[in-house]
Amino acid sequence: LGRFAVVMNCDETFDFGAMGRLFCGLCQVGAWGCFDEFNRLEERILSAVSQQILSIQKGLVRRQANIELMGKSIRLHNNVGIFVTMNPGYAGRSNLPDNLKTLFRAVAMVVPDRKLIAQVMLFSQGIVSAERLAVKIVDMFIMCKEKMSKQSHYDFGLRALKTLLVSAGGLKRKTIEGVDGLEGEKLDNAEENV
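Model, not experiment: these values are computed from the prediction. (Residues numbered from 1 in each chain as written. Predicted model: local features only at pLDDT ≥ 70, side-chain atom pairs only at ≥ 80, totals over all residues. Heavy atoms only, no water.)

Asker: How would you sum up the side chain of Q52? Please name residues and give values.
Answerer: For Q52, the location among the structural elements is in helix α2 (residues 43-61). Using a relative accessible area of 4% as the deciding quantity, one classes Q52 as buried. Dropping the residues within four chain positions of it, Q52 is found in contact with F16, M19, G20, F23, L69 and M70. (Helix = DSSP H or I, 4+ residues; strand = E, 2+ residues; numbered from the N terminus. Buried < 20%, exposed > 50% of the residue type's maximum accessible area, 1.4 Å probe, protein only. Contact = heavy atoms within 4.5 Å.)

Spelled out as structure tokens, the structure:
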């Protein structure tokens, strides 16, 4: 039903030994490890880590019960998985060595369609005018992000959008609570007045 996944945010303090110990633990329990911002590791560490990942992958392909990692024989669980995320182009990020690039399958990410997300969330909150409101709310968030100062306490991301939409649904339910016969155009008018 579920798979144990561990997410680690990589930084410059990770060394070959730390990564090896993490890999050993993942291999023994069969967990998935997601190494966020993997390219923040130093290039020399990335090169050494590629050999550890290669050993794990070869062991999985050959269905070996044990593999050699960090000079020790460790049990290799067949459910282990290693995933990495990267933000290329940022300052302080390393380029992945070619031998490491070949060990992973690249997946491109795109910016989510906020208007569609907002529309679906509003519909799920029972708001019948979701199509019209989603456009207005997302446009407002975009304008706020562009026009307001770049202070850390201003958040116009998806989490803030979700919080607003859930609150809007709660406000709607609270307002029409106990009112009978609200359907169709009457419900739409009641939403306009909220």
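Asker: Outline the layout of surface pockets, listing residues and values.
Answerer: In this approach the atoms are scanned with a rolling probe the size of a water molecule, which exposes any empty space left behind. Quantified by volume, the largest pocket comes out at close to 830 Å³. Lining the largest pocket we find 31 residues, and of these V84, T85, F104, R105 and A106 sit closest to its centre. Only β2 (32-36), α2 and β5 (81-84) provide two or more residues apiece to the lining of the largest pocket. For the lining of the largest pocket, the per-class residue count stands at 18 nonpolar, 9 polar and 4 charged. (1 Å grid on protein atoms, 1.4 Å probe; cavity = no way out; pocket = protein on both sides within 12 Å on 5 of 7 lines; lining within 4 Å. Points joined across faces, edges and corners; volume = space filled by probe spheres on them. Nonpolar A, V, L, I, M, F, W, Y, C, P; charged D, E, K, R; others polar.)

Asker: So, the packing of helix α1 (residues 16-29) against α2: which residues are in play, and what are the values?
Answerer: Contact geometry for α1 and α2: axes closest at 10 Å, N-to-C directions at 20°. With respect to α2, the element α1 is oriented roughly parallel. Where α1 crosses over α2, the handedness of that crossing is right-handed. Side by side, α1 and α2 meet where F16, M19, G20, F23 and C27 of the first sit next to I45, A48, V49, Q52, I53 and I56 of the second. Its residues assigned to classes, the contact of α1 with α2 shows 9 nonpolar, 2 polar and no charged. (Axes fitted to C-alpha atoms, helices over the stretch in contact; angles between N-to-C directions. Parallel < 35°, antiparallel > 145°, perpendicular 65-115°, else oblique. Left-handed = near helix turned anticlockwise from the far one by under 90°.)

Asker: Just give me the short version of the packing of helix α4 (residues 114-124) against helix α5 (residues 130-147), but keep the residues and values in it.
Answerer: Contact geometry of α4 with α5 gives a least axis separation of 8 Å together with a crossing angle of 130°. Relative to α5, the element α4 is oriented oblique. Our pair here, α4 against α5, has a crossing hand that is right-handed. Contacts from R114, K115, A118, Q119, L122 and F123 in α4 reach A130, E131, L133, A134, V135, I137, V138 and D139 in α5. Taken together, the residues of the contact of α4 with α5 break down into 9 nonpolar, 1 polar and 4 charged.

Asker: A description of the packing of aromatic side chains should follow, citing residues and the corresponding values.
Answerer: Taken as a whole and assessed by the stated rule, the structure comprises 6 aromatic pairs. Consider the rings of F23 and F35, whose centres lie 5.4 Å apart with planes at 70°: the pair is edge-to-face. Separated by 12 residues along the polypeptide, F23 in helix α1 and F35 in strand β2 bring together distant segments of the chain. You can call F35 buried: its relative accessible area is 0%. With centroids separated by 5.9 Å and ring planes inclined at 90°, the aromatic side chains of F141 and F156 adopt a geometry described as edge-to-face. Separated by 15 residues along the polypeptide, F141 in helix α5 and F156 in the loop between α5 and α6 (158-176) bring together distant segments of the chain. Under the relative-accessibility criterion, F141 is labelled buried at 9%. A relative accessible area of 18% places F156 in the buried class. (Phe/Tyr/Trp six-rings, centres within 6.5 Å; stacked < 30°, edge-to-face > 60°.)

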